[in-house]
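# Structural overview
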Amino acid sequence: MSVPPTPPAEPQSTPPTPPAGPQSTPSVPPRLRLAEIERARDTPAAAVLLFITDRCPVGCGHCSVDSRPDSPRITDFTLFEGVLEALCAGGHRLVGVSGGEPFVERRALTLAAERITSAGKQLVVYTSGFWGAGVPAWVRRVVRACSCVVLSTDAFHRARLADDRFTAAARAVAEEGAGLVVQVLDDEAAVERATDLLGRALGPSWPETAELNRVGLLPYGRAAGFGASRPRIRGGDFGPCRVARTPVVRYDGVVSACCNEAVVMGRGPAAFRRACGGAAETGAALAELRHHALFSAIATAGPGPLTADPRLADLADREFASVCEPCWLIASRLPDPAGDPLLRALNAITSGGAGGQPGR
């Protein structure tokens, strides 16, 4: 489904209840650069991702989550407030917010931005910028609370969103003082177009305000059919998974060990998820996953070194589209991570990860 030419300031999927909490942010948070975000995601217990909605009005063909305008959304705000309570009480310093498209959830996103920043956390929001037409005041308040906004653009987005939406969104982020990272597929034509749009939005000095992040296509969700175009990597060549240190907390209380979209959406290994009913259970799940033997080994050593074990040796020469595939197979063969001698030994000796190609 395509996006209407001019969406309403408050999408129909948003409940009419006014947003809770203050209507403005008392001070502008320090900007975050891409390297700082990546460093936080690589650091144990430093970052967590809040998956705030399944919904998205854009419907890109390469969506790795398969989000749609009519996908599930928040219905239990008592549970959601418990999720926020756990995030605010946690020791991590950075909270990313993604989906779906976070800005379709006005009430939830406004509440999350106020609570998270009031708790002293840095806020990073991932968005398509579909809200660029007119930029409602409540959107500006959320952007003003962010240390960084990650704004995506590529040929798939362009098919759904006019260029002026993107440039208006980028300009609004700069005006509100948040850091700006433009995420674009690792393709020269896409990068050239993104730099042209940034020049239109921010002028020739745009590199002083914005950064480009070139990313690969993930073969999940609606993009599953693109898996064949990804380079295949031997299982033995995978290094540490760069995102295994960042758990995902879904709006409905499900805590996932990683950001793989299938896991977040309820598929993949059940052992990678914990269903929580409130703040205490969410906090406990985050603590458990932080010390989980398998996920710690995947984050520090990666699947490659694990294939030296005879139980996993056949995976060394098999080729995979992403680090998730060997990780899932390893999990199925090591059913008792806490008591597994291989994982205990790796976690005892690794610091900063082994060699090989990074995951994802």
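Residues numbered from 1 in each chain as written. Predicted model: local features only at pLDDT ≥ 70, side-chain atom pairs only at ≥ 80, totals over all residues. Heavy atoms only, no water.

The chain is annotated in an unreviewed UniProt entry as Radical SAM core domain-containing protein of Planobispora takensis.

On to the overall build of the chain. When helices and strands are counted, the chain shows 13 helices and 11 strands. Total accessible area on the chain is roughly 14700 Å²; 54% of this is exposed by carbon and sulfur atoms. (Helix = DSSP H or I, 4+ residues; strand = E, 2+ residues; numbered from the N terminus. Areas by Shrake-Rupley, 256 points an atom, 1.4 Å probe, with all protein chains shown as cover.)

Moving on: the sheet that holds strand β2 (residues 94–98). Ordered by their spatial adjacency, nine strands build an open sheet running β6-β5-β4-β3-β2-β1-β8-β9-β10, and the pairing between neighbours is mixed. One side of each edge strand has no neighbouring strand; the edge strands of this open sheet are β6 (210–215) and β10 (273–275). Strand-to-strand twist across the sheet, computed as the mean angle between neighbouring axes with direction ignored, equals 20°. Sheet topology note: the strand β3 (residues 122–127)/strand β4 (residues 148–152) ladder contains four bridges and is parallel. Bridged to Val-124 within β4 is Cys-148. Contacts between helix α7 (residues 188–202) and the sheet are confined to β5 (179–185) and β6, with β5 contributing the most and set at about 150° to the helix. (Pairing = 2+ DSSP bridges. Axes fitted to C-alpha atoms, helices over the stretch in contact; angles between N-to-C directions. Contact = heavy atoms within 4.5 Å.)

Attention now moves to the nonpolar core. The biggest cluster of nonpolar side chains holds 105 residues, and the ones touching the most others in it are Leu-50, Ile-52, Phe-80, Phe-103 and Trp-131. Excluding its chain neighbours within four sequence positions, the residues that come into contact with Trp-131 are Glu-101, Phe-103, Pro-136, Val-139, Val-143, Ala-169, Ala-172 and Val-173. (Core = buried A, V, L, I, M, F, W, Y, C linked by side-chain atoms within 4.5 Å. Buried < 20%, exposed > 50% of the residue type's maximum accessible area, 1.4 Å probe, protein only.)

Using the criterion set out here, one finds 22 salt bridges in the structure. Arg-200 serves as the salt-bridge partner of Asp-163, at 3.6 Å between the closest nitrogen and oxygen. Note that Asp-163 is positioned in helix α6 (residues 163–175) and Arg-200 in helix α7, a separation of 37 residues in sequence. Between Arg-311 and Asp-309 there is a salt bridge, with its nearest N and O atoms 2.9 Å apart. When its relative accessible area of 37% is taken as the criterion, Arg-311 is described as partly exposed. In this structure Asp-309 comes out as buried when scored by relative accessible area, which is 13%. Shared partners join several salt bridges into a network, and the residues in it are Arg-140, Arg-144, Glu-175 and Glu-176. (Salt bridge = Lys/Arg side-chain N within 4 Å of Asp/Glu carboxyl O.)

You can see Gly-91 is positioned in the loop between α2 (77–89) and β2. Note: C-alpha distance between Gly-91 and Ala-46 (45 residues apart in sequence) is 7.2 Å. Contacts of Gly-91, omitting those with residues within four sequence positions, involve Ala-45 and Lys-121.

A few words now on helix α10 (residues 293–300). With respect to burial, α10 is a largely interior element, eight of its eight residues being buried. On its buried side, α10 packs onto α9 (279–290), α11 (303–306), α12 (324–333) and α13 (341–349). In the segment just after α10, Gly-302 is the residue with positive phi, at about 95°.

Moving on: the packing of α2 against helix α3 (residues 106–118). Packed helices, taken two at a time, are described by the angle between their axes plus the distance between the axes. Remark: α2 packs on α3, axes separated minimally by 10 Å, with the N-to-C direction vectors making an angle of 25°. Regarding the angle of α2 to α3, the classification is roughly parallel. As α2 runs across α3, the sense of the crossing is right-handed. Counted together, Phe-77, Phe-80, Glu-81, Leu-84 and Cys-88 of α2 and Arg-107, Ala-108, Leu-111, Ala-112, Arg-115 and Ile-116 of α3 form the full contact between these two elements. Its residues assigned to classes, the contact of α2 with α3 comprises eight nonpolar, no polar and three charged. (Parallel < 35°, antiparallel > 145°, perpendicular 65-115°, else oblique. Left-handed = near helix turned anticlockwise from the far one by under 90°. Nonpolar A, V, L, I, M, F, W, Y, C, P; charged D, E, K, R; others polar.)

Under the definition given, this model contains four aromatic pairs. Both rings, one in Phe-272 and one in Phe-295, keep their centres 4.9 Å apart while their planes meet at 80°; by these two values the pair is edge-to-face. Linking Phe-272 in the loop between α8 (261–264) and β10 with Phe-295 in helix α10, this pair joins segments that are 23 residues apart in sequence. Judged by relative accessible area, which is 2%, Phe-272 ranks as buried. Put simply, the rings of Phe-103, Trp-131 and Trp-138 touch in pairs and so form one group of aromatic residues. Geometry around Phe-77 places Arg-107 over its ring, the cationic atom sitting 3.7 Å from the centre. (Phe/Tyr/Trp six-rings, centres within 6.5 Å; stacked < 30°, edge-to-face > 60°. Lys NZ or Arg CZ within 6 Å of the ring centre and 35° of its normal.)

Once that is clear, we can look at unusual backbone geometry. Even without a glycine there, the phi angle at Ala-45 is positive, about 65°. Along the polypeptide, Ala-45 turns up in the loop between α1 (34–42) and β1 (47–51). By relative accessible area, which is 29% here, Ala-45 ends up partly exposed. Phi at Val-135 takes a positive value of approximately 45°, unusual for a residue other than glycine. Note on Val-135: relative accessible area 9%, which makes it buried.

In this section: empty space enclosed by the protein. For the structure on display, the rule yields four cavities of 30 Å³ or more. One number sums up the size of the largest cavity: a volume of about 190 Å³. Lining the largest cavity are 15 residues, with Ala-45, Arg-245, Pro-247, Leu-289 and Arg-290 positioned closest to its centre. With three residues, the single largest contributor to the lining of the largest cavity is α9. For the lining of the largest cavity, a count of residues per class yields 11 nonpolar, two polar and two charged. Here the second largest cavity defines a volume of roughly 110 Å³. Taken together, 15 residues form the lining of the second largest cavity, with Cys-241, Ala-244, Cys-258, Ile-298 and Cys-327 sitting closest to its centre. With three residues, the single largest contributor to the lining of the second largest cavity is α12. Class assignment of the residues belonging to the lining of the second largest cavity gives a composition of 13 nonpolar, one polar and one charged. (1 Å grid on protein atoms, 1.4 Å probe; cavity = no way out; pocket = protein on both sides within 12 Å on 5 of 7 lines; lining within 4 Å. Points joined across faces, edges and corners; volume = space filled by probe spheres on them.)

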